[in-house]
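Breakdown of the fold
So the chains spell out like this:
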Amino acid sequence: MFRWLFLNERALAPAEHAVWKLSALRIILVSGFLLEAIVAIDSSIDAWRVGAYQVLWIVAFFYVVLSAGLYYSARNLHTGAAILLATVYAAAFSIYSFIDQFSIAKLGIIFIYTAPIIARLFFGTRLALLLMAVNFLPFGMLLLNRPLVSFPGINMTLQGAHAYIQSLLFLFFNVCIPLAVFRVLHTLDKSVSQIQLASKELEVSHGQYQEIFQNAGSALLLTDAGGKILQSNHLADSLLGRDSNTDKETVLFEWISLDNSVRLKVGGADESANMRMSAYRTRDGKMVALENISQTSNDHYIVALRDVSGLHSMHHALQLSLEREDYLSSHDPLTDLPNRDMLRQHLQGVLSNPHHGKVTALVSFRLNSIRHANQQFGAHTGDILLRRFAEDLKRALPPNCFCARLRSIVFSFVLDHSRTPGEIITLVEKIRHALPKEMEIEGATLMVQFSAGIALIRAEDKEPDDLIRRSEMALDTARRSSDQTVTLFDEEDAQQIRRSVEVEVGIVNGLKLKEFRLLYQPKVRHDGSIAGIEALLRWKSATLGNVPPAEFIPIAERAGLIRHISNYVLDQACAQIREWLDKFGSCPVVAVNLSASDITRNDLIQLIETSCQRYQVAPSYLEFEITETGLIANENLSIQHLDALKARGFGIAIDDFGTGYSSLSKLSHFPAQSVKIDRSFVAQIGYNRKSEMIIKAIVSLANILLCTTVAEGVENESQEMFLKEVGCDFFQGYLYYRPLEVEALDDLFAQNDSPMQDAGAFASSATL
Ligand code: C2E
Ligand code: MG
Ligand code: MG
């Protein structure tokens, strides 16, 4: 019952206003219903006695209406309240209109003075004010002391009417309304104490929150969605350099610069454990990271700031050291120039993207005078000299020219925009002239002497290392061919280098344009008959004219072009043998000269066999001449290959024998069937006893080793006589034949009395 009356008393939450309103309504209705029942019953009995039955109807009507009010109060507050208001007005109207005694009747009108309070309680101020205004009408009537309307025949004035009306007024104003107001006030009191309690709790929790916020151990900010700082703790203020008392209403991004944010990597070596964060610079130069940005329910943000200045400088230092490490892996620390690896990479790029129509060259400068600087003034001065030389060289080079420190005292650069080798040489000379001849270092005057080597980059070049090797070889040649005590790169060297570069380029083009041809110089027996012929290469270059093999063969060897020349010579020689065999049915042994690098070629045997097969030439028609020095260069592999050739039936001769540094006894190591005595000894016959002795020794040794001997460069009869006397087997020289064109040999072979013998006949003896 009480629960139904008082309902649930809890906080004054807006949703629960209806609860206490309903409770107040029910209190008014129930108390009115019960208390006024006594008056109603008594007055009804009275009315029954006097026969005023209309009073019974009216009382019954009010009870029905009140019951309806009670019924609706359980369902709908406003319907219940409206019924109450209507009841109040209806009661006042009934009393005012139906009671004859005006002095009593006008008391009933007082009921309606409660209407504004009831309206305010349940409907709000507007209706309350309206009813206050409406109530002016009955008030005015009372002032005028005039009854409202009179309904004749409905006289309800009972004997106890005055007591009944007074009782109703008493009950309504002294019980019903006060109880309802008590109810409301009680609720208000409770609400106030609850609010006080809640605000106390709020104060405590705010204090705690402040304490936590200020002493959280990290810099915290509370911002709105636009970044406005609503609250900040001391750490955050000191980190941002901000005073929260004066710098109110400021936005976070006024304090940190977003423009030069830095990405930091935090974590260990394990990449997966790494975390990346952005760091921003504050006004006073600290670096902060924004961490743990969490959104609150009312669209505010809690931002944790972290001072990452230390981390940033560590990160920066680490970055610098990594960059340095990376730099040092590709650069020389002394001169800051790219190192050999970088040069190789650069050359790789150059080789894969050739500049068409342009001549590209790798040029190396060797600072020869460094040794003197080191010895005289110490390594420190040597280092300065190197550094200064590198700086001067860099300045002297064309813009964007790639320059590297190839090794300790060798600097290399790539020239890639010249049209002819000549232009390259001119450019190198210009660079050479731009470099100082001497330098003042710590009070001492140091000579700057260097040599230069040029390697031209050719279309078929693929390997940077080959190119570097060639440039070093050119450098070596330049260095050795000049006077070390003065400036090295003199005009003569330049000429020589220019010539060798031109020859190098010429060979490549000459092979393409078939500028090479073979001459054949016969070797004769004692009776003058031809025992064999030596193929000797001739080159008539379109640009350089006649170039002797003594010049172009060494250049081709250094430039790695000899293999192409040998392929050509072998092919031509085999073709020629085939032609003679077809023409004359016979052919003497043809000797082909091989270079040291040919002899160590892995594909040598295969190459020779392929040429022989192509032209159907038996091995006995071919002999290979290899110089003694060429054999010594890579003795084991050379011997292995010569053994293989010999086993296949090819002839082997050691050319220019006696000029090498090896002792004569070395001859026994080589699988040769023939030894060619160098023409420098032959030329000395009659003048130099020592040379004659050497010739004798070579011949005797060759006899012991069952080798035949050939004397080269026999030019006169006295030489021939001496050679015949000492037992030399064959002779070659201008005394008999100069190197001959094919046509001249054709004529020679065509003469019937020609002393020619087919090499096939000698195949079994494997000699000339
Ligand atoms: P070599 O193999 O010792 O050839 C003999 C050289 O002596 C030839 O010079 C020849 O013309 C020259 N000669 C012959 N008889 C006389 C003479 O009575 N007096 C003088 N003063 N010289 C004479 P050439 O043709 O200029 O060849 C020079 C060198 O070039 C050759 O020396 C050989 O080592 C090399 N060579 C020539 N052709 C080839 C070739 O096809 N391949 C290779 N790898 N080297 C070759
Ligand atoms: Mg020879
Ligand atoms: Mg020779």
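That block above? That's the structure.
Parameters at a glance
- Residues numbered from 1 in each chain as written.
- Chains lettered and ligands numbered in written order.
- Predicted model: local features only at pLDDT ≥ 70, side-chain atom pairs only at ≥ 80, totals over all residues.
- Heavy atoms only, no water.
- 1 Å grid on protein atoms, 1.4 Å probe; cavity = no way out; pocket = protein on both sides within 12 Å on 5 of 7 lines; lining within 4 Å.
- Points joined across faces, edges and corners; volume = space filled by probe spheres on them.
- Helix = DSSP H or I, 4+ residues; strand = E, 2+ residues; numbered from the N terminus.
- Nonpolar A, V, L, I, M, F, W, Y, C, P; charged D, E, K, R; others polar.
- Donors = N, O, S within 2.8 Å, 3.2 Å for Na, K, Ca; no water.
- Polar contact = N/O pair within 3.5 Å; in protein donor to acceptor, adjacent residues only side chain to side chain.
- Buried < 20%, exposed > 50% of the residue type's maximum accessible area, 1.4 Å probe, protein only.
- Lys, Arg positive; Asp, Glu negative; His and termini not counted.
- Salt bridge = Lys/Arg side-chain N within 4 Å of Asp/Glu carboxyl O.
- Contact = heavy atoms within 4.5 Å.
- Pairing = 2+ DSSP bridges.
- Axes fitted to C-alpha atoms, helices over the stretch in contact; angles between N-to-C directions.
- Core = buried A, V, L, I, M, F, W, Y, C linked by side-chain atoms within 4.5 Å.
- Near = heavy atom within 4 Å.
- Areas by Shrake-Rupley, 256 points an atom, 1.4 Å probe, with all protein chains shown as cover.
- Sits in = over half its atoms within 2 Å of the grid points.
- Parallel < 35°, antiparallel > 145°, perpendicular 65-115°, else oblique.
- Phe/Tyr/Trp six-rings, centres within 6.5 Å; stacked < 30°, edge-to-face > 60°.

**Examining empty space enclosed by the protein**
Considering all chains together, one arrives at five cavities of 30 Å³ or more under this definition. Here the largest cavity is characterised by a volume of approximately 560 Å³. As for the largest cavity, its lining consists of 28 residues, and the residues nearest its centre are Val59, Phe62, Ala91, Ile95 and Leu168. Mapped onto the lining of the largest cavity, the elements with two or more residues apiece are helix 2 (17-50), helix 3 (53-73), helix 4 (77-98) and helix 9 (161-214). Here the element with the most residues in the lining of the largest cavity is helix 2; it accounts for seven residues. Here the residues of the lining of the largest cavity sort into 23 nonpolar, four polar and one charged.

**Description of the coordination of the magnesium ion (ligand 2)**
Protein coordination at the magnesium ion (ligand 2): the donors are Glu534 (OE), Asn593 (OD1), Glu625 (OE) and Asp655 (OD), at 2.0 to 2.3 Å from the metal. Each donor residue of the magnesium ion (ligand 2) lies on one chain, and together they are spaced E-x58-N-x31-E-x29-D. A distance of 4.1 Å spans the gap from the magnesium ion (ligand 2) to the magnesium ion (ligand 3), which aspartate 655 bridges by coordinating each metal. With a gap of 30 residues between them, glutamate 625 in strand 17 (residues 622-627) and aspartate 655 in strand 18 (residues 651-657) connect regions that are remote in the sequence.

**Let's talk about the side chain of asparagine 368**
The topology assignment puts asparagine 368 in the loop between strand 7 (359-367) and helix 13 (370-377). A polar contact of 3.1 Å, which involves the side chain of asparagine 368, links it to the side chain of serine 451.

**Some remarks on the side chain of aspartate 655**
There is no salt bridge for the buried aspartate 655, and the closest opposite charge comes from lysine 676, which lies 4.3 Å off by N-O distance. Leave out the neighbours within four places in its chain, and aspartate 655 touches Glu534, Asn593, Glu625, Ile626, Thr627, Glu628, Lys676 and Glu712.

**Digging into the sheet that holds strand 12 (residues 450-457)**
Strand order across the open sheet formed by four strands is 8-9-7-12, with antiparallel pairing between neighbours. Two strands in the sheet have a free side with no partner beyond their single neighbour: strand 8 (403-407) and strand 12. The sheet shows a mean angle of 30° between the axes of neighbouring strands, taken without regard to direction. Taken together, the four bridges between strand 8 and strand 9 (residues 410-418) define a ladder with antiparallel strand orientation. Across the sheet, residue cysteine 403 finds its bridge partner in strand 9, namely phenylalanine 413. Sheet strands in contact with helix 12 (residues 340-352) are strand 7, strand 8, strand 9 and strand 12, and its direction is about 20° off that of strand 9.

**Quick notes on the layout of surface pockets**
In this structure, the largest pocket encloses a volume near 1,000 Å³. Together, 36 residues line the largest pocket, and Glu534, Leu536, Pro549, Asn593 and Arg679 are the ones closest to its centre. Those elements giving two or more residues to the lining of the largest pocket turn out to be strand 14 (530-541), helix 18 (549-558), helix 19 (562-584), strand 16 (589-594), helix 20 (596-599), strand 17 and strand 18. Of the residues contributing to the lining of the largest pocket, the split by class is 15 nonpolar, nine polar and twelve charged. In this structure, the second largest pocket occupies an estimated 490 Å³ of space. Taken together, 22 residues form the lining of the second largest pocket, with Lys358, Val359, Ile457, Arg458 and Ala459 sitting closest to its centre. Contributions of two or more residues to the lining of the second largest pocket are made by helix 12, strand 7, strand 12 and helix 17 (491-512). When residues in the lining of the second largest pocket are grouped by element, the largest group, four residues, is from helix 17.

**Here we look at the coordination of the magnesium ion (ligand 3)**
Protein coordination at the magnesium ion (ligand 3) comes from Asp655 (OD), Asp656 (OD), Glu712 (OE) and Glu712 (OE), with a distance range of 1.9 to 2.6 Å. For the magnesium ion (ligand 3), all donor residues lie on one chain, and their spacing in sequence is D-D-x55-E. On the basis of relative accessibility, which here comes to 7%, the residue glutamate 712 falls in the buried class.

**A closer look at the nonpolar core**
Counting 83 residues, the largest nonpolar core has Ile507 and Phe624 as its most contacted members. Sequence-distant contacts of phenylalanine 624, defined by excluding residues within four places in its chain, comprise Leu570, Val592, Leu594, Ile608, Leu645, Phe650, Gly651, Ile652 and Ala653. Formed by 51 residues, the second largest nonpolar core is a distinct cluster that contains Leu386, Val414, Ala452 and Ile457.

**A word on the pairing of strand 1 (residues 219-223)**
Counting buried positions along strand 1 gives five out of five residues, so the element sits mostly inside the fold. Both faces of strand 1 are covered, namely the face carrying Ala219, Leu221 and Thr223 and the face carrying Leu220 and Leu222. Strand direction decides the pairing type here: strand 1 and strand 6 (residues 301-307), joined by five bridges, are antiparallel. Across the sheet, the residue bridging to alanine 219 is leucine 305, located in strand 6. As defined by bridge partners, strand 1 adjoins strand 2 (residues 229-232) across three bridges and the pair is classed as antiparallel. Note on strand 2: the bridge partner recorded for leucine 222 is glutamine 231.

**Concerning the site of ligand 1**
Residues in contact with ligand 1 amount to 22 residues; listed here are only the nearest, Arg538, Asp655, Arg679, Glu715 and Tyr734. Contacts to ligand 1 include asparagine 593, whose side-chain N or O atom sits 3.0 Å from an oxygen atom. In the complex, 85% of the free accessible area of ligand 1, which totals 790 Å², lies under the protein chains. Judged by the fraction of its atoms near the pocket grid, ligand 1 is located in the largest pocket. Within the residue set of the shell around ligand 1, elements represented by two or more residues are strand 14, helix 18, strand 16 and strand 18. Taken together, the residues of the shell around ligand 1 sort by class into nine nonpolar, five polar and eight charged.

**Comments concerning the environment of cysteine 401**
Here cysteine 401 shows up in the loop between helix 14 (379-396) and strand 8. Between the alpha carbons of cysteine 401 and phenylalanine 413 there is a distance of 6.8 Å; along the sequence they are twelve residues apart. Not counting chain neighbours up to four residues away, the residues in contact with cysteine 401 comprise Lys394, Phe413, Val414 and Leu415.

**Regarding the packing of helix 4 against helix 6 (residues 115-122)**
Where helix 4 meets helix 6, the axes come as close as 10 Å, and the angle between the chain directions of the two elements is 175°. In terms of orientation, helix 4 and helix 6 fall into the roughly antiparallel class. The residues of helix 6 that touch helix 4, namely those facing Leu77, His78, Ala81, Leu84, Leu85, Val88 and Tyr89, are Ala115, Ile118, Ala119 and Phe122. In the contact of helix 4 with helix 6, the residues fall into ten nonpolar, one polar and no charged.

**Brief notes about the packing of aromatic side chains**
With the rule as written, the count across this model stands at 20 aromatic pairs. Centroid distance phenylalanine 172 to phenylalanine 173: 5.9 Å. Interplanar angle 90°. Geometry classified as edge-to-face. Judged by centre distance (5.7 Å) and plane angle (55°), the ring pair of phenylalanine 624 and phenylalanine 650 falls under tilted. Taken together, the residues phenylalanine 624 in strand 17 and phenylalanine 650 in the loop between helix 23 (635-647) and strand 18 connect sequence positions 26 residues apart.

**Focus on the pattern of salt bridges**
Two side chains with opposite charge may pair up if their charged atoms get near one another. Overall, the coordinates contain 22 salt bridges when judged by the stated rule. Of the charged contacts, one joins arginine 499 and glutamate 551 as a salt bridge, the two residues approaching to 2.6 Å between their closest N and O atoms. Pair noted here: arginine 499 is in helix 17 and glutamate 551 is in helix 18, with a separation of 52 residues, a long-range link. Arginine 499 gets classed as partly exposed once you look at its relative accessible area, which sits at 28%. By relative accessible area, which is 24% here, glutamate 551 ends up partly exposed. The salt bridge involving aspartate 598 is made with arginine 601; its shortest N-O contact spans 3.8 Å. Taken as a pair, aspartate 598 and arginine 601 share a single burial class, namely buried.

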